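Report on the structure
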Amino acid sequence: MKRTVILVAGGKGLRMGGELPKQFIPLHGRPLLMHTMNAFFRWDATAEQVIVLPQEQQAYWQMLCRELNCAIPHRVVHGGETRFHSVRNGLQTVDGDGWIAVHDGVRPFVSEAVIDACFAAAGQFGAAVPVLPMIDSVREVDGTQSRPFDRERLRIVQTPQVFRADWLRDAYEQPYQPHFTDDASLVEAAGYPIHLVDGNRENIKITTPIDLQWAEILTEYYNG
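This text gives an overview of the structure that appears in the document.

**Details of the packing of helix α1 (residues 32-43) against helix α2 (residues 58-67)**
- Where α1 contacts α2, the axes come no closer than 11 Å and their chain directions differ by 65 degrees. Classed by the angle they form, the pair α1 and α2 counts as roughly perpendicular. Where α1 crosses over α2, the two elements pack in a sense that is right-handed. Seen from α1, the contacting residues are L33, M34 and M37; seen from α2, they are W61, L64 and C65.
- Per-class residue counts for the contact of α1 with α2 are six nonpolar, no polar and no charged.

The structure is reproduced here in structure tokens:
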């Protein structure tokens, strides 16, 4: 069955404190987005990759691909007003049945084992999301009051989130709602069950300067 990866890379990088969008920030000589693409290319070179970028950033991306000799096949789709609209734009370019993964373009350290597990679980259950258990203690806030909350009942959600293509298309027929913070919430709202799989702790979303420092350390570790 066809396997497609939609990489959402529409961030402006405001929390990084600079003008360069975070997906283009260099990590060991290559932009973060290119590292993320390579993670999926190593996993399956035949998987279709769709990159969702704001239209005004696409010329810069094409220049980076030429200068860095990016040989990973992919196509670029216009980003939208929100993540919801960006994913929907990418989804509209994917034909046929199969399985579609949606992944944050600035999560370059997803493991091949997690990608495999997500696609395998989606093949069995229809929808799969990688998660991690909470480590820190948490409290629930209600106005000015707070109370302890059982962290064993909570999970941290990651990507890639993988779905049957027809389920994801059906979910994106729904109108946009602010509480759709990820694709799983949208698919669940359409009436489909979500299966959880174990994520990998290194699969961080790089959004702040401290995240970038961790990324430097992880890159040096993986490169030996």
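**Here's the deal with unusual backbone geometry**
- That bond from T159 to P160 is cis: its omega, 15 degrees, falls within 30 degrees of zero.
- Residue position: P160 is located in the loop between β10 (155-157) and β11 (161-164).
- Even without glycine at this site, H28 takes up a positive phi of about 55 degrees.
- Its location among the elements puts H28 in the loop between β2 (26-27) and β3 (30-31).
- Backbone geometry at N69 places phi at a positive 55 degrees, although glycine is not the residue there.

**So, the pattern of salt bridges**
- By the definition in use, this model includes ten salt bridges.
- In this structure, R42 and E112 form a salt bridge, with 3.9 Å as the shortest nitrogen-oxygen distance. Highlighted residues: R42 in helix α1 and E112 in helix α4 (residues 112-125), separated in sequence by 70 residues.
- In this structure E112 comes out as partly exposed when scored by relative accessible area, which is 37%.
- A single salt-bridge network, built from bridges that share partners, covers R83, D104, R107 and D183.

**As for the environment of V162**
- Mapped onto the elements of the fold, V162 is located in strand β11.
- With 47 residues separating them in the primary sequence, V162 and I115 have C-alpha atoms 8.8 Å apart.
- In contact with V162, other than residues within four places in its own chain, are W99, I100, A101, C118, F119, A122, G126, A127 and A128.

**Re a nonpolar patch on the surface**
- A cluster of nonpolar side chains, contributed by I210, W214 and I217, occupies part of the molecular surface with about 330 Å² of accessible area.
- Of note, I210 is situated in helix α7 (residues 209-222).

**Examining the nonpolar core**
- Counting residues in hydrophobic clusters, the biggest one holds 30 residues, and the most contacted among them are L33, M37 and W61.
- Contributing elements (two or more residues each) for this core: β1 (3-8), α1, β4 (48-53), α2, β6 (99-104) and α4.
- In contact with M37, other than residues within four places in its own chain, are L7, Q49, I51, W61, C70, I72 and H74.
- The next biggest cluster of nonpolar side chains, apart from the first, holds 22 residues, and it includes V87, F163, Y172 and Y192.

**Points about empty space enclosed by the protein**
- In this structure the tally under the stated criterion is one cavity of 30 Å³ or more.
- The volume enclosed by the largest cavity comes to roughly 40 Å³.
- If you go around the largest cavity, the residues you meet are R83, F84, Y172, F180, D182, D183 and L186.
- Counted by class, the lining of the largest cavity contains four nonpolar, no polar and three charged residues.

**Some points on the pairing of β11**
- In the sheet, β6 pairs with β11 via four bridges, with the strands oriented antiparallel. Within β11, the residue paired with A101 across the bridge is V162.
- Inspection of the sheet shows strand β7 (residues 127-133) paired to β11 by two bridges, in the antiparallel sense. Opposite A127, over in β11, you have F163 as the bridge partner.

**Re α4**
- With 14 residues, α4 should reach 20 Å at 1.5 Å per residue; the first-to-last C-alpha distance of 20 Å fits that figure.
- Three or more residues of α4 are buried, namely V114, I115, C118, F119, A121 and A122. Viewed along the axis of α4, the buried residues span an arc of 165 degrees, placing them on a single side of the element. Opposite the buried face of α4, at more than 90 degrees from it, the exposed residues are A113, A120 and Q124.
- Contact partners of the buried residues in α4: β1, α1, β6, β7, β11 and β12 (195-198).
- Just beyond α4, the residue with positive phi is G126, at close to 100 degrees.

Cut-off values and rules
Residues numbered from 1 in each chain as written. Predicted model: local features only at pLDDT ≥ 70, side-chain atom pairs only at ≥ 80, totals over all residues. Heavy atoms only, no water. Axes fitted to C-alpha atoms, helices over the stretch in contact; angles between N-to-C directions. Helix = DSSP H or I, 4+ residues; strand = E, 2+ residues; numbered from the N terminus. Parallel < 35°, antiparallel > 145°, perpendicular 65-115°, else oblique. Left-handed = near helix turned anticlockwise from the far one by under 90°. Contact = heavy atoms within 4.5 Å. Nonpolar A, V, L, I, M, F, W, Y, C, P; charged D, E, K, R; others polar. Salt bridge = Lys/Arg side-chain N within 4 Å of Asp/Glu carboxyl O. Buried < 20%, exposed > 50% of the residue type's maximum accessible area, 1.4 Å probe, protein only. Patch = residues over 30% accessible without salt bridge, like charges linked within 9 Å, V, L, I, M, F, W, Y side chains within 5 Å. Areas by Shrake-Rupley, 256 points an atom, 1.4 Å probe, with all protein chains shown as cover. Core = buried A, V, L, I, M, F, W, Y, C linked by side-chain atoms within 4.5 Å. 1 Å grid on protein atoms, 1.4 Å probe; cavity = no way out; pocket = protein on both sides within 12 Å on 5 of 7 lines; lining within 4 Å. Points joined across faces, edges and corners; volume = space filled by probe spheres on them. Pairing = 2+ DSSP bridges. Expected span 1.5 Å × (residues − 1). Arc of directions from axis to C-beta.

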